[in-house]
Amino acid sequence: MNYDLTEGNIVSKLLKFAFPIMVGNMLQQLYNVADTLIVGKYLGQDALAAVGSSYTLMVFITSILLGLCMGSGAFFSMQFGSRNYGRLKKGLFLSFLLIGKIALLLTVLAYGCLSQILAFLHVPGEVAPLMKEYLLWIFAGILAVFLYNFAANLLRAIGNSIVPLFFLGISSILNIFLDLLFICRFHWGVGGAAAATVLSQYLAGGGILYYCLRHYPELRLQKEHCRLDLQIFRELAGLSSLTCLQQSVMNFGILMVQGLVNSFGSVVMAAFAAGVKIDSFAYAPVQDFGNAFSTYVAQNYGAGKTERIRKGMKDATLASLLFCLAVSALVFVFARNLMGLFLEEGNQEAVSIGIRYLRLEGTFYFGIGLLFLFYGYFRAIHQPGVSVVLTVISLGTRVALAYGLSAVPALGVNGIWISVPIGWGLADLAGACYYFHGRKKLGRRFPIAD
């Protein structure tokens, strides 16, 4: 089903469109959690630390591709909203070619710089061989990540959020099955966990791309679309490069925090690995709601419906607030139970560290929920540079405070956890200033009517 988000009840259509995206990401988080859970239970604390640290690295690498695909998706949404299918097809050709080449380059660089990456992340000696084994497999899936995210963002841009969910669901189920087969039956260790993920990623990427080509003949390219259009290229470059920068800066900051965490040893690494997976699972719905909101804003921006955008911002903020408050309460209350899913009872030190992480950070989930809305909004109205600024504020604060506070003996590793909500709060404050200043001073540039 394709949703035209420029008509009808705002809340109803936005939630119907967002729900499959949320479920899809929850499934993606589920198979990430399954990786972590199975590795932690069957392969031990060091293996869990290796997979967790690798996950943070891969999130950074794939965020480059994800940012490029999201930026292109905003362009596709605008053309769909204005019903300009010729420009949409030309944009498809140019963006697929550009992002595909970047995906190949990232794969080559990742393999070529593996030793330097391990050194940069301060990986302890007992964890380094396991992490290297895992990464040698997982880097092979970078191209699959590109294929899936490109096709998924294209389909969402034209209002179809169901099909990406279907392929992600099949991939998630396969990943869990292969995890159990490769680790528990074949005893392939962390390499088996990585192989399961890569095979599942290629199924999702290849499958959804085939679906697009087969079921959307109106998106198939003709000869006149496969040429360089400098104006479209500049628009794509502006949207995609800045969205990519925003995503990669955000995750590079997290990668730097991961290096700091690693310096505290394998126990803290294991706690952080489990905590991050729970964290990601907890606020994944509001992240996807922000991405769905971006499509909503972009379609209405293309259609020139400024008042509808203003009302949508109010409704989306309220919905995000209510959801985040509920999730924060659940994570705070059940923090011990959640950590127990990933770590054996004998690892009490790691469990205790993870509980403190969840309770310090999880209380403030609305901070990241509102930030995701700002990211989506500014990306959709051709102002992705603002999202970059907000990311720099959020992550810059987080990294600086993490290194500073963790050096205070009374705080130690807890200083890293405290820095997170402070960064979110400062970025939200800046985002609100940009938003309201844009309404008041830049009415023609920002499509928001008073």
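Residues numbered from 1 in each chain as written. Predicted model: local features only at pLDDT ≥ 70, side-chain atom pairs only at ≥ 80, totals over all residues. Heavy atoms only, no water.

**Quick look at the nonpolar core**
Where we set the bar: Remark: nonpolar core denotes a set of buried residues (Ala, Val, Leu, Ile, Met, Phe, Trp, Tyr, Cys) joined through side-chain atoms within 4.5 Å. The buried label goes to any residue with under 20% of its type's maximum accessible area, the exposed label to any with over 50%, and the partly exposed label to all in between, with areas taken from a 1.4 Å probe on protein chains only. Per the convention used, a helix needs a DSSP run of H or I reaching at least four residues, while a strand needs a run of E reaching at least two, with both numbered from the N terminus. Contact between two residues is taken to exist if any of their heavy atoms lie within 4.5 Å; hydrogens are not considered.
Ranked by size, the top nonpolar core spans 137 residues in total, and within it Ile-61, Phe-139 and Phe-293 carry the most contacts. When residues in this core are grouped by element, the largest group, 19 residues, is from helix H2 (residues 45–81). Apart from residues no more than four positions distant in its own chain, Ile-61 is found in contact with Leu-106, Ala-110, Phe-139 and Ile-142.

**Description of the side chain of Asn-262**
When you line up the elements, Asn-262 lands in helix H9 (residues 230–262). Overall, Asn-262 belongs to the buried group, its relative accessible area being 2%. What Asn-262 contacts, discounting residues up to four positions off in sequence, is Ser-53, Leu-121, His-122, Val-123, Pro-124 and Met-269.

**A closer look at the packing of aromatic side chains**
Two aromatic rings are characterised by how far apart their centres lie and by the angle between their planes. Inclusion rule: Planes of paired rings set the category: under 30 degrees apart is stacked, over 60 is edge-to-face and the rest tilted, where pairs are Phe, Tyr or Trp rings (Trp by its six-membered ring) whose centres lie within 6.5 Å. Cation placement over rings: the criterion is NZ of Lys or CZ of Arg within 6 Å of the ring centroid and within 35° of the ring normal.
Summed over the entire model, instances satisfying the criterion amount to 26 aromatic pairs. Ring geometry for Phe-167 versus Tyr-211: centroids 6.2 Å apart, planes at 70°, classification edge-to-face. Here Phe-167, found in helix H7 (residues 162–185), pairs with Tyr-211, found in helix H8 (residues 189–215); they are 44 residues apart in sequence, far enough to count as distant. Classification of Tyr-211 by relative accessible area gives partly exposed; the value is 21%. Plain terms: the ring middles of Phe-186 and Trp-188 are 5.3 Å apart, the flat faces sit at 40° to each other, and that makes the pair tilted. Taken together, the aromatic side chains of Phe-374, Tyr-377, Phe-378, Tyr-434, Tyr-435 and Phe-436 make up a single cluster linked through ring pairs. In this structure, Arg-83 is placed above the aromatic ring of Phe-80, and the distance from its NZ or CZ to the ring centre is 5.1 Å. Here the guanidinium or amino end of Arg-359 rests over the ring plane of Phe-332, the centre of that ring lying 5.0 Å away.

**A few points about the side chain of Thr-107**
Relative to the elements of secondary structure, Thr-107 occurs in helix H3 (residues 85–112). Setting aside chain neighbours within four positions, we find Thr-107 in contact with Phe-139, Ile-142 and Leu-143.

**Examining helix H5 (residues 128–138)**
Test applied: Working note: the arc is built from the helix axis to C-beta atom directions.
Within the span of H5, buried status applies to Ala-128, Met-131, Tyr-134, Leu-135 and Ile-138. End-on, the buried residues of H5 take up no more than an arc of 125°, which puts them together on one face.

**Some thoughts on the pattern of salt bridges**
Selection rule: Here, a salt bridge means any Lys or Arg side-chain nitrogen found within 4 Å of an Asp or Glu carboxyl oxygen.
Enumeration according to the criterion identifies five salt bridges in this entry. Between Glu-7 and Lys-305 there is a salt bridge, with its nearest N and O atoms 2.6 Å apart. With Glu-7 in the segment before helix H1 (10–43) and Lys-305 in the loop between helix H10 (266–303) and helix H11 (306–333), this pair connects stretches of sequence that are 298 residues apart. With a closest N to O distance of 3.2 Å, Asp-315 and Lys-311 form a salt bridge. With Asp-315 and Lys-311 both in helix H11, this residue pair falls four residues apart, about one helical turn. You can call Asp-315 partly exposed: its relative accessible area is 22%.

**Some thoughts on the environment of Leu-118**
Within the secondary structure layout, Leu-118 lies in helix H4 (residues 114–120). Each C-alpha atom, one on Leu-118 and one on Leu-57, is 10.0 Å from the other, the two residues being 61 residues apart in sequence. If we ignore the near neighbours within four places in the chain, the residues touching Leu-118 are Val-123, Ala-128, Met-131, Lys-132 and Leu-135.

**A look at the packing of helix H6 (residues 142–157) against H7**
For clarity, the cut-off: Each axis is a line fitted through C-alpha atoms, and for a helix only the stretch in contact is used; angles between axes span 0 to 180 degrees, taken between their N-to-C directions. Oblique is the label for every angle not falling under 35 degrees (roughly parallel), over 145 degrees (roughly antiparallel), or within 65 to 115 degrees (roughly perpendicular). Residue polarity is assigned by list, with Asp, Glu, Lys and Arg as charged and Ala, Val, Leu, Ile, Met, Phe, Trp, Tyr, Cys and Pro as nonpolar; anything else, Gly included, falls into the polar class.
Direction vectors running N to C along H6 and H7 enclose 150°, while the axes themselves pass 8 Å from each other. Taken together, the axis directions place H6 and H7 in an arrangement best described as roughly antiparallel. Listed contacts from H7 to Tyr-148, Ala-152, Leu-155 and Arg-156 of H6 are Val-163, Pro-164 and Leu-168. Residues of the contact of H6 with H7, tallied by class, amount to six nonpolar, no polar and one charged.

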